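Chain by chain, the residues run as shown.
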Amino acid sequence: MSIETPLPVLKPADFASDQDVRWCPGCGDYSILAQMKKVLPTLGLPREKIVFISGIGCSSRFPYYMNTYGMHSIHGRAPAVATGLKSTRPDLQVWVVTGDGDGLSIGGNHLMHCIRRNMDLNIILFNNRIYGLTKGQYSPTSPLGKKTKSTPMGAIDNPLHPLSIAIGAEATFVARSIDTNIKHLSEMLKRAAEHRGTAFLEVYQNCNVFNDGAWEYATNRQTKLETTLELQHGKPLIFGKDRDKGIRLNGLDPEVVELGKGIKEDDLLFHDEKSPEPSLAYLLSRMRYEDGFPEPIGVFRSVKAPQYDEMINAQVEEARKQHGKGNLDDLFNAGETWDVK
Amino acid sequence: MSIETPLPVLKPADFASDQDVRWCPGCGDYSILAQMKKVLPTLGLPREKIVFISGIGCSSRFPYYMNTYGMHSIHGRAPAVATGLKSTRPDLQVWVVTGDGDGLSIGGNHLMHCIRRNMDLNIILFNNRIYGLTKGQYSPTSPLGKKTKSTPMGAIDNPLHPLSIAIGAEATFVARSIDTNIKHLSEMLKRAAEHRGTAFLEVYQNCNVFNDGAWEYATNRQTKLETTLELQHGKPLIFGKDRDKGIRLNGLDPEVVELGKGIKEDDLLFHDEKSPEPSLAYLLSRMRYEDGFPEPIGVFRSVKAPQYDEMINAQVEEARKQHGKGNLDDLFNAGETWDVK
Amino acid sequence: MSTAAPEKQISNVEEATVRFCGDSGDGMQLAGTQFTTTSALAGNDVATFPDFPAEIRAPRGTKAGVSGFQIHFSSNEIYTPGDTVDALVAMNPAALATNVADLRDNGILLVNNDAFDKKGLEQAGYDTNPLEDGSLDKYKLHSVEMTKLVRLAVEGLGLSQKEADRCRNFFAMGLVFWLYDRSLDPTLRFIENKFGKKPEVAQANTKALKAGFHYGETVEAINTQYHVDPAELPAGTYRNIMGNTALAWGLLAAAQLSEKRLFLGAYPITPASDILHELSKHKHYDVLTFQAEDEIAAVTSTIGAAFAGAMAVTASSGPGIALKGEALGLAVITELPMIVINVQRGGPSTGLPTKTEQSDLWQAMYGRNGECPMCIISASGPADCFYAAQEAWRISSKYMMPVFLLTDGYIANGSEPWRIPKMSELPKIKISHPEAQDDSDENFKQFDPYTRDDNLARPWAVPGTPGLEHRLGGLEKADGTGNVSYDPENHQHMTDVRQRKVDLVADDIPEQEVNGEKTGDLLVLSWGGTYGSCTTAVRKAQAAGKKVSHCHLRYINPFPKELEAILNGFKQVLIPELNMGQLRSIIRDRFLVDAQGLNKVQGKPFSVAEISAKIDEMV
Amino acid sequence: MSTAAPEKQISNVEEATVRFCGDSGDGMQLAGTQFTTTSALAGNDVATFPDFPAEIRAPRGTKAGVSGFQIHFSSNEIYTPGDTVDALVAMNPAALATNVADLRDNGILLVNNDAFDKKGLEQAGYDTNPLEDGSLDKYKLHSVEMTKLVRLAVEGLGLSQKEADRCRNFFAMGLVFWLYDRSLDPTLRFIENKFGKKPEVAQANTKALKAGFHYGETVEAINTQYHVDPAELPAGTYRNIMGNTALAWGLLAAAQLSEKRLFLGAYPITPASDILHELSKHKHYDVLTFQAEDEIAAVTSTIGAAFAGAMAVTASSGPGIALKGEALGLAVITELPMIVINVQRGGPSTGLPTKTEQSDLWQAMYGRNGECPMCIISASGPADCFYAAQEAWRISSKYMMPVFLLTDGYIANGSEPWRIPKMSELPKIKISHPEAQDDSDENFKQFDPYTRDDNLARPWAVPGTPGLEHRLGGLEKADGTGNVSYDPENHQHMTDVRQRKVDLVADDIPEQEVNGEKTGDLLVLSWGGTYGSCTTAVRKAQAAGKKVSHCHLRYINPFPKELEAILNGFKQVLIPELNMGQLRSIIRDRFLVDAQGLNKVQGKPFSVAEISAKIDEMV
Ligand SMILES: Cc1ncc(C[n+]2csc(CCOP(=O)(O)OP(=O)(O)O)c2C)c(N)n1
Ligand SMILES: Cc1ncc(C[n+]2csc(CCOP(=O)(O)OP(=O)(O)O)c2C)c(N)n1
Ligand code: SF4
Ligand code: SF4
Ligand SMILES: [Mg+2]
Ligand SMILES: [Mg+2]
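Fair warning: this is a prediction, and the values are worked out from it, not measured in the lab. (Residues numbered from 1 in each chain as written. Chains lettered and ligands numbered in written order. Predicted model: local features only at pLDDT ≥ 70, side-chain atom pairs only at ≥ 80, totals over all residues. Heavy atoms only, no water.)

**Q** Provide a residue-level description of the sheet that holds strand β15 (residues 402–408) of chain C, including the pertinent values.
**A** Residue and element names in this part refer to chain C. Read across the sheet, 7 strands follow the order β11-β10-β12-β13-β15-β14-β20 without closing on themselves; strand pairing throughout is mixed. Of all strands in the sheet, those with a lone pairing partner are β11 (287–291) and β20 (555–557), marking the two edges. Looking at each pair of strands side by side, their axes are set apart by 20° on average, direction ignored. Where strand β14 (residues 375–378) and β15 come together, 4 bridges link them in parallel fashion. Residue pairing in the sheet places C375 in a bridge with V403 of β15. Helix α12 (residues 318–334) rests against β12 (311–316), β13 (338–344) and β15 of the sheet, and its axis sits at about 160° to β13. (Pairing = 2+ DSSP bridges. Helix = DSSP H or I, 4+ residues; strand = E, 2+ residues; numbered from the N terminus. Axes fitted to C-alpha atoms, helices over the stretch in contact; angles between N-to-C directions. Contact = heavy atoms within 4.5 Å.)

Here's what the structure looks like:
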């Protein structure tokens, strides 16, 4: 029985599995889940064509809550599981859900290689700057000096910045959003879904149990317009409650300037997500709150490049063009053979 | 018996172990070994204070040939072995020798974490763009389309660029040199040795058996002055046989320009290895021969930052300031106890 | 207080088992810990079993979110947290539903009936209210309006209702303290220490605690108090200790006894993480804790630290240990000393991460490529972890080889009284390093890192030492020089030597004890965390006149020399394990003894009854 | 050619063993391969053993750089590359020094005496020239000025001296071809194919080859030729095949027989890399080869491909397999089909990477956390790899579980004649996937991924299929629904089911064969690459009238049902293994049989003589 699936009209609820959601009440993960359920029906894909692959961590429980195909794999390996899946079945839309520990600590290498291969995956990194599931050790994104269960005297590892790492591996799509900024978040999920090749989306996510307020500066109504900056392609980098501040380049160094007082919009740095060179994206990824910058959210970079999943299948096609579908009897009998009667 | 070691006057030969060197005749590894033996005696360190840690690969045989302490560990893990060693014994000078497969494929994550922690290690990555020891599969630095034993139809993975990755992890010292450019190489080895924190040095190394000529463009007498560019701190980026070409910034994009014809040295990009922002270093790491750029050699970045090895020991000191050396009897007896008679 | 309290009886009992259960937000672990400390301070022998959900915070009120803590306390020596419960505190319907089966007939059941509303009952899957439908008739049910009573008690302190409700666990504690005739003082001290900075919280908890206690005094329905006399334990100063803490402290002690820096390379994983947490608090003892990027970096950094001359340790649980297999081969072939701790949990794969199991023995024994033997020792209970850690380091440093130390989730999170030793009484661990030599000296001899002493140990020459420069590595080594060697005979020889080093340990460990006669009808052979239930079950069988003895193994590789003779002294051998027969297969292989298994993988320790039943079936 | 060749004898022999050895730059592997093909084409049964150094190119002339290739060819069926050598070609002193011990007394020794200069002798550790000091008197020494003769032969072709010297191996081949009365034609064809585009090289090699042949005809000192008649092999078309090639082709066949895409996730490692190389040449058979960033990505991508519905395979060797342990737990608990190939090499750790060993059996059996059973099968020789691959996939896809397939370096690089099957004769591998359902249909039923068929296999529902959406994962699963379950009984049940699935295979495999009587004094029990030497040794013993039989296992987990009865039919059991007793320990555990081991880890296969000696010692 092969069923014709006319593009169904799906609702967010259609994407909810029958499993109870077991995150702590108040966890930022709920919001990401909700936005995902809202975005998927807009993509015009039937549920069976969608697969969620995750590692281990609170965030990695995500697939259980989605009524799609999915696998809650092992710690850090989701990008590699997804690579095998997507290479074999390039027709599927594959999402990878990972945490800052899962994706950047134990799984950092798979993430990096997946990105450089430009596998067509949508990778959502839930960054809560802590290990949630194991109850509160510091993660690779925890700030220096952070006191946690495993660092009672403060963390001494310089944190990794997910987007800088991704751009170091020359990611073709890099974006950032925030769990509480649901409109922006759903837009970013959609952009990630639409990108062909690896889409890497970092989401600032609050772990209200072990790291409450880690992103307070970026989510607080009072401060968020001063501490974040929404990137828009082709537009100058402007921020502030009154949209009166901007980012200007001083040589290669970004600086915060106030508009007016002799500085015009045209003096500012203009965002170009399509720049073939990733240097701008890299520079943006380096703008950090602790250094006095607003942190960019939005799409840092979005360019087209060949995808591994396409090319691995293209080689099969190419080989078939050259050799046909092949006949194993011929292969076995090629070269020196002899007959025994 | 504790022996006073007055700083000995050592010669390169003093650093040669009694083991036969077993690389293929003509391998670029010989040159790196020779330069290392030349540089070490200039560092004023006795042999016993030096340790070489490597993974697995042709390059990783290096420690066997050095009459210092050393460990030929397992594939990809040298940075992690070195981390344990250096944390425990910060007085030692620890070198990590790795290959493009060892360091960037299986070992990419350890490398990245080591760099972000700014462990005081000198990491030398022998980049021959191939797996030598396993006889010729492509590596993460092999170019797209590269035909090798495992990619008879050409590689389909976009290569990793070691320096871009290192800068993505915010490396404090990043440099590049070439096996055949022995003067430059020995200078870079020395600079790496002198840097405190992770010094990451990529060396273009020829594997004349499985990937002969991979760096031909950068080593050929005829072309090398056109295809490489020696970085010098505070100096403009000039190259060419006649030193008549330079690199100028166009916005954030570098471009090759000819000097004269209205373009002066002052118009060029000036190198600043000490720039606190790594954006310049990142941009330089993106200049690639295949894109029509000369490839920079020299020190891309060299800045001071706190080191993990120092801080982990500083926390012990700090804890001792707070609590003294501690008395386990007190620890055991703290809290609720009771006596049974 | 001067309410006219009704007269109540006090009944002396030998021992009792109490379990607190409720939602994971209800503070049951705290209640359990406080009750444990109080009972210990009262001189009882105690054993505990905390049990909490895998989720950080499962949805409130659901069965998945139930958290429990069981305390067994006695005037005699005890070895387990108890099979059945004498008194159960259930803070909500889900807790009742998932726990009541363990309450003995006629046991005391204290429930917070305020939580038995429609939603709560539904979430627990009750169609009718069990407090009312007679289904709990076989228990002494006391249905208490805890929520209401607590709110009343804390009235006037200015707490929000949510804050007030958070004191309910103290009410429950107070009530149970009264029931078992326990002093409130330790808990009052605890409140003072913990909440001193938030006086209104401290006051509220105090009021709730006392309210619970007075409720017991006052309410007529509860008319008997129980009293458990102090146990006769060996003289000394005691404290209560959890397995992971004891293990961490044992490592601290071993480092000090061997005059070494302690290096821990670890990656967080349940239930091993607390070893990392504990050690990271004690840096002033010259402790370096490295939270690595993964388990492979954890173990390889540990190898680096071992090379550097430190007491090097790595700790993890099943899946993490699986990742360390390749690197452990390097530790074996480089013959460096280090301790590898596996706090076992339910497998395979991620399995049941918060539940206990003993199913990683095979992995410890066989889970590496090539012929790659490792010494394996195991701890038998929370306090024993302290000594097991020291023994692991003694062996590892003496024979220059990595040693596996196995515990499990049950041991790690369980607690028991520990007679606190004096550091000065603990045996020193002597370690020597070869001395520096001067290479300009005419007697200078090239240092050979694979020469061996009587224990077949090679010299632990530490980088930084003049004249001992050498290279280690994962390729086969020529014995003596340590150079890379492809020589066939040398490979055979080195393979044999690595095995012999492990075997030699058998000559260097205490004689294997047998609990009971040295011959008989049945030997119960156990290892690790099943110690308590096996001991208790065998004692019962012995008391019933059966010819049953018990042999508990600390050393699994190598086995104690006496083991073969012991096994041969019995008609039958029973090996209870929380796995499907892993020790059993090793014993059968080694001694060709038709040992039977009692096996279970259900995320829970054996009850004494389970083992007793099997013994009774066999003899 | 019309030089007056002296008259020579031809002696008919039943079989012979020849070894070419020289520097790794001397082209000895090529010489060996050509001789093998030629002998196979001449109808002999052949078996080969290549042996090369771990270094890519060890320094020229050193012992570490010696490369060898041994060919055993016969007019009867043979099973091993031969214990001792009848004719040895040594291209330099180092090759002579490291190989001459294997030459039988009175054997033919052909040396290139031009290489026996001062430096060469020194590098080989000779104080005096063995060609002159009488130390080789017990052999038929023919000292040939090969270098000089080759240079003369190729004179005039315009080759540099270095290029000329590169033809020496063809001279040696020519000489040996003459010695064993072999045709030059296959090699001439080979030269044409290989060097057709470089005519001067082709010509030079042809001249050198013929020069060698004519040298044999001409020189008086060599006065006997040997002839080995064709063997009587089953009728069919044959080719020579190496183990890794046969394995790769077996995978291709299995994919086609089951109508699946083939996905290989692998990371290069000696001696498994050639499987990756071979498969990557055949993409047009719908083969995807993914060279992963490491072994963990290799195995987890394989799990992803299995989930996606492909025939998923990962291949590695010991250290790489160690890294896969954790992920294999995921494959076991998700009950996905896949093949895990381990081409074993010398361990522990990096060990002896280019040498053979069977020491990863324990790792395959036990090397994962938790109770994590896997089916294990093994190949017995190069050609058998073809069938073992298909059998692994048949079992894996039928029972929905990962299957281990063990080979070793000896099998992987060895070669033997293979009777080429027709694809149409090979049994199809039937795989079915559950069908789509329409969730708007009133009969729609939520898909339960852990329902089971008669084989306890769960349905392989493939992403992309409407109405079968489901989630897998590493936490324990409720049987049926596949939901995460912490239920104690379910965990026990699922643990039992996973074991039972493996056990069920025992009902589904061919009856275990015994070579010889079903009862007797001694059973030789073997597995994997020791097949040939055990078969030969047992046949010899049988011929000598001993009551010895041989049982060779393909299936190690589960064992064939008949095995227990077979073992019990013999007074003694001997298990020869290239490890320290890994199968032996499993057999002892399972059957309580006091099996003895013949064990060696020397990087080399067993010689027949070693096994014969042990048999003779025992009966
Ligand atoms: C091999 C392995 N090592 C360690 C763990 C334990 N573990 C589970 S989740 C986790 C980290 C979770 O942190 P993160 O990825 O940031 O996810 P979060 O819980 O914060 O969403 C760890 C260390 C594991 N499951 N497997
Ligand atoms: C766990 C493991 N996987 C694979 C290998 C096989 N292996 C050895 S070296 C190597 C790659 C070598 O490449 P590279 O690091 O570039 O070093 P090179 O030989 O080129 O110097 C591989 C795959 C191994 N030794 N261990
Ligand atoms: S622990 Fe933190 S991240 Fe995990 S579910 Fe709770 S709030 Fe969310
Ligand atoms: S294979 Fe290549 S890298 Fe390795 S030793 Fe030979 S030339 Fe050097
Ligand atoms: Mg996190
Ligand atoms: Mg390389």
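**Q** Can you lay out the interface of chain D and chain A for me, pointing to particular residues and giving the numbers?
**A** Counting residues at the interface gives 78 residues for chain D and 63 residues for chain A. Together chain D and chain A conceal approximately 5800 Å² of surface at their shared face, both sides included; 61% is due to carbon and sulfur atoms. It is H284, E293 and R471 of chain D that lose the most area in chain D upon contact with chain A, and together they represent 13% of the buried surface on that side. Scanning the region where chain D abuts chain A turns up 4 salt bridges. R47 of chain A is the salt-bridge partner of E469 of chain D, the closest N and O atoms lying 3.7 Å from each other. Per-element accounting of the side of chain D that touches chain A gives the leading share, 8 residues, to helix α11 (residues 295–307) of chain D. By the bridge criterion, 4 bridges tie strand β12 (residues 337–340) of chain A to strand β9 (residues 236–242) of chain D in an arrangement that is antiparallel. Each bridged residue has a counterpart across the sheet, and for W338 of chain A the counterpart in β9 of chain D is Y238 of chain D. (Buried area = accessible area lost by both parts, 1.4 Å probe. Salt bridge = Lys/Arg side-chain N within 4 Å of Asp/Glu carboxyl O.)

**Q** Mind laying out the coordination of the magnesium ion (ligand 6), listing which residues take part and the relevant values?
**A** All names here are of chain B. The magnesium ion (ligand 6) binds to the protein through D100 (OD), N128 (OD1) and I130 (O); the donor distances cover 2.0 to 2.2 Å. For the magnesium ion (ligand 6), the single-chain donor residues occur in sequence as D-x27-N-x1-I. In this pair, D100 sits in helix α3 (residues 100–106) while N128 sits in the loop between β4 (122–127) and α5 (162–168), placing the two residues 28 residues apart along the sequence. (Donors = N, O, S within 2.8 Å, 3.2 Å for Na, K, Ca; no water.)

**Q** Lay out the site of ligand 1 in plain terms, naming residues and giving numbers.
**A** Around ligand 1 lies a shell of 21 residues, among which C58, S59, D100 and D102 of chain A together with E295 of chain C are the nearest. Nearby residues place ligand 1 at the junction of chains A, C and D. In this structure, an oxygen atom belonging to ligand 1 sits 2.8 Å away from a main-chain N or O atom of C58 of chain A. One of the backbone nitrogen or oxygen atoms of G101 of chain A is found 2.9 Å away from an oxygen atom of ligand 1. Considered on its own, ligand 1 offers 580 Å² of accessible surface; in the complex 98% of this is hidden by protein. Residues that form the shell around ligand 1 fall into these classes: 9 nonpolar, 8 polar and 4 charged. (Near = heavy atom within 4 Å. Polar contact = N/O pair within 3.5 Å; in protein donor to acceptor, adjacent residues only side chain to side chain. Areas by Shrake-Rupley, 256 points an atom, 1.4 Å probe, with all protein chains shown as cover. Nonpolar A, V, L, I, M, F, W, Y, C, P; charged D, E, K, R; others polar.)

**Q** Give a detailed account of the site of ligand 2, specifying residues and quantitative values.
**A** Inspection of the region around ligand 2 gives 21 residues, with C58, S59, D100 and D102 of chain B together with E295 of chain D positioned closest. Ligand 2 is flanked by residues contributed from chains B, C and D. D100 of chain B places a side-chain nitrogen or oxygen 2.6 Å from an oxygen atom of ligand 2. G101 of chain B is positioned such that a nitrogen or oxygen atom in its backbone is 2.9 Å from an oxygen atom of ligand 2. Looking at the shell around ligand 2, the element that brings in the most residues is α3 of chain B, giving 3 residues. Considering only residue class, the shell around ligand 2 consists of 9 nonpolar, 8 polar and 4 charged.

**Q** Describe the domain arrangement of chain C, listing the residues and the values that go with them.
**A** Residues and elements named next belong to chain C. According to the domain assignment, chain C contains domain 1 (9–227), domain 2 (239–425) and domain 3 (520–618). Summarising the inter-unit geometry, the C-alpha centres of domain 2 and domain 3 are found 25 Å apart. Contacts between the two partners involve 27 residues from domain 2 and, on the opposite side, 26 residues from domain 3. For the domain 2 and domain 3 pair, buried surface summed over both sides reaches about 2200 Å², with 57% attributable to carbon and sulfur atoms. The interface formed by domain 2 and domain 3 contains 1 salt bridge. (Domains from an automatic or database assignment.)

**Q** Quick one: what's the story with the side chain of S273 of chain C, residue by residue and with numbers?
**A** Inspection of the secondary structure puts S273 of chain C in helix α10 (residues 273–280). Judged by its relative accessible area of 7%, S273 of chain C falls in the buried class. (Buried < 20%, exposed > 50% of the residue type's maximum accessible area, 1.4 Å probe, protein only.)

**Q** Explain the packing of aromatic side chains to me, using residue names and the numbers behind them.
**A** Throughout the structure, instances matching the rule amount to 64 aromatic pairs over all chains. Geometrically, the ring pair formed by F263 of chain C and F290 of chain C is tilted, given 6.4 Å between the ring centres and 35° between the ring planes. On the criterion of sequence distance, the pair formed by F263 of chain C in strand β10 (residues 262–266) and F290 of chain C in strand β11 is long-range, its members being 27 residues apart. Among the aromatic residues, ring-to-ring pairing joins W23, Y30, F52, F62, Y65, W95 and F126 of chain A into one connected group. When the ring centre of W460 of chain D is taken as origin, the NZ or CZ atom of K260 of chain D, which lies over that ring, is 4.8 Å away. The residue whose ring lies beneath R458 of chain D is Y450 of chain D, and the NZ or CZ to ring-centre distance is 5.0 Å. (Phe/Tyr/Trp six-rings, centres within 6.5 Å; stacked < 30°, edge-to-face > 60°. Lys NZ or Arg CZ within 6 Å of the ring centre and 35° of its normal.)

**Q** Talk me through the packing of helix α4 (residues 146–153) of chain C against helix α6 (residues 168–179) of chain C; I want residue IDs and the actual numbers.
**A** All names here are of chain C. Orientation of α4 relative to α6, taken along the N-to-C sense of each, is 105°, at an axis distance of 9 Å. In terms of orientation, α4 lies roughly perpendicular with respect to α6. When α4 is examined against α6, the residues M146, T147, L149 and V150 are found in contact with a partner set consisting of R168, F171 and A172. In terms of residue class, the contact of α4 with α6 is made up of 5 nonpolar, 1 polar and 1 charged. (Parallel < 35°, antiparallel > 145°, perpendicular 65-115°, else oblique.)

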